[in-house]
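# Report on the structure
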Amino acid sequence: MGRPRTPSGRARETNRRLTLEYPDAVCELDHGNPFELLAATILSAQCTDVRVNMVTPTLFARYPLPEDLAQAAPAELQEIIRSTGFYQNKARSLIGMANALVDRFGGEVPGAMEDLVTVPGVGRKTANVVRSVALGLPGLPVDTHVGRLSRLLGLTTEMDPVKVEMELNPMVPAHERGLFSLRLILHGRRVCVARRPRCEDCVLNDFCPSSEI
DNA sequence: ATCCCGAGGG
DNA sequence: CCCTCTGGAT
């Protein structure tokens, strides 16, 4: 299946600044709306971006604001999000999340990690997506492809997501934290995949110790 | 068959 | 540490 491909982006590294340049990104959400991004990120667990994008228009038409989602009937919400998988957990998380925003954060998405992780359905990875993409704060969504990220960093035994975040964070230009996070996610999902890494599409071959090119 | 854009719970 | 929850992709 050797298919020659034109690399679809490039990478440069200057001092400690790393820039990933892929052509663009896929999430059709309004990234300036933290509530929508948070809900979509909860939905995205173990699920492709394409499928999340199929349900979000209906979801936000039905529940435009945290106040609306907080009062959703579980069965109706489950029906809307069913195709994203884990739909019972996700429906419970979404309703709990909305209630938390309304009850404890004035209907807004909090920016502090300590606050975010107290919100139902929000772990460190989801919190970092929201922080970087919606709020422009430091934060890297280090998920299950952390092992492959460790490969990129030249780390052999270090698989701790927090350590990886600490190593990568200073390399991300402040003005493109959100973009970097989205591209990092896409890179783990579409290029540096577990089984058969698509090194021919990867922009990091020049300094990836595991490059097959 | 196996892995995933996770998080909560035992 | 382990397990569960779901559907889809490979």
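Residues numbered from 1 in each chain as written. Chains lettered and ligands numbered in written order. Predicted model: local features only at pLDDT ≥ 70, side-chain atom pairs only at ≥ 80, totals over all residues. Heavy atoms only, no water.

### Describing the protein's contact with DNA strand C
Close to DNA strand C lie Gln 46, Arg 51, Arg 82, Ser 83, Gly 85, Phe 86, Tyr 87, Gln 88 and Asn 89, which account for all nearby residues. Looking at DNA strand C alone, sugar and phosphate atoms form 53% of those within 4 Å of the protein. A distance of 2.9 Å separates a sugar or linking oxygen of DNA strand C from a polar backbone atom of Phe 86. Here a phosphate oxygen of DNA strand C sits 2.7 Å away from a polar atom, N or O, in the side chain of Gln 88. With 3 residues, the single largest contributor to the surface near DNA strand C is helix α5 (residues 87-104). The residue makeup of the surface near DNA strand C, split by class, is 2 nonpolar, 5 polar and 2 charged. (Near = heavy atom within 4 Å. Polar contact = N/O pair within 3.5 Å; in protein donor to acceptor, adjacent residues only side chain to side chain. Helix = DSSP H or I, 4+ residues; strand = E, 2+ residues; numbered from the N terminus. Nonpolar A, V, L, I, M, F, W, Y, C, P; charged D, E, K, R; others polar.)

### Concerning the protein's contact with DNA strand B
Close to DNA strand B lie 21 residues, the nearest being Ser 44, Ala 45, Gln 46, Thr 126 and Arg 189. What you see for DNA strand B is that sugar and phosphate hold 70% of its atoms within 4 Å of the protein. Taking Ser 44, its side chain carries an N or O atom lying 2.5 Å from a base oxygen of DNA strand B. A distance of 3.0 Å separates a phosphate oxygen of DNA strand B from a polar backbone atom of Gly 123. Those elements giving two or more residues to the surface near DNA strand B turn out to be α7 (124-135) and α10 (177-191). Of all the elements, α7 adds the most residues to the surface near DNA strand B, at 3 residues. Classifying every residue of the surface near DNA strand B gives 8 nonpolar, 6 polar and 7 charged.

### What about the domain arrangement of chain A?
When its domains are assigned, chain A resolves into domain 1 (34-135) and domain 2 (140-207). A C-alpha centroid distance of 24 Å is found between domain 1 and domain 2. Each partner contributes residues to the interface: domain 1 has 8 residues there, and domain 2 has 14 residues. Buried surface at the junction of domain 1 and domain 2, summed over both partners, amounts to about 830 Å²; 58% is from carbon and sulfur atoms. Taken as a group, Arg 124, Lys 125 and Ser 132 account for 48% of the area that domain 1 buries against domain 2, more than any other trio of residues on that side. (Domains from an automatic or database assignment. Contact = heavy atoms within 4.5 Å. Buried area = accessible area lost by both parts, 1.4 Å probe.)

### Regarding the pattern of salt bridges
For the structure shown, the criterion picks out 4 salt bridges. With a closest N to O distance of 2.8 Å, Glu 165 and Arg 124 form a salt bridge. In this pair, Glu 165 is assigned in helix α9 (residues 161-168) and Arg 124 in helix α7, connecting sequence segments 41 residues apart. (Salt bridge = Lys/Arg side-chain N within 4 Å of Asp/Glu carboxyl O.)

### Here we look at the nonpolar core
Residues Leu 59, Leu 69, Leu 77, Ile 81, Leu 94 and Met 97 are the most contacted members of the largest nonpolar core, which totals 38 residues. Of all the secondary structure elements, the ones that give two or more residues to this core are α1 (34-43), α2 (49-62), α3 (66-70), α4 (74-81), α5, α6 (113-116) and α7. If sequence neighbours within four positions are ignored, Met 97 has contacts with Phe 35, Leu 38, Ala 39, Ile 42, Leu 69, Val 119 and Pro 120. Counting 8 residues, the second-largest nonpolar core is a separate cluster that includes Val 142, Val 164, Leu 168 and Met 171. (Core = buried A, V, L, I, M, F, W, Y, C linked by side-chain atoms within 4.5 Å. Buried < 20%, exposed > 50% of the residue type's maximum accessible area, 1.4 Å probe, protein only.)

### Let's talk about the packing of aromatic side chains
The full count for this structure, using the stated rule, is 1 aromatic pair. Considering the side-chain rings of Phe 35 and Phe 60, the 6.1 Å spacing of their centres and the 65 degrees angle between planes classify their relative orientation as edge-to-face. Taken together, the positions of Phe 35 in helix α1 and Phe 60 in helix α2 put the pair 25 residues apart, joining distant regions of the chain. Since its relative accessible area comes to 11%, Phe 60 is described here as buried. (Phe/Tyr/Trp six-rings, centres within 6.5 Å; stacked < 30°, edge-to-face > 60°.)

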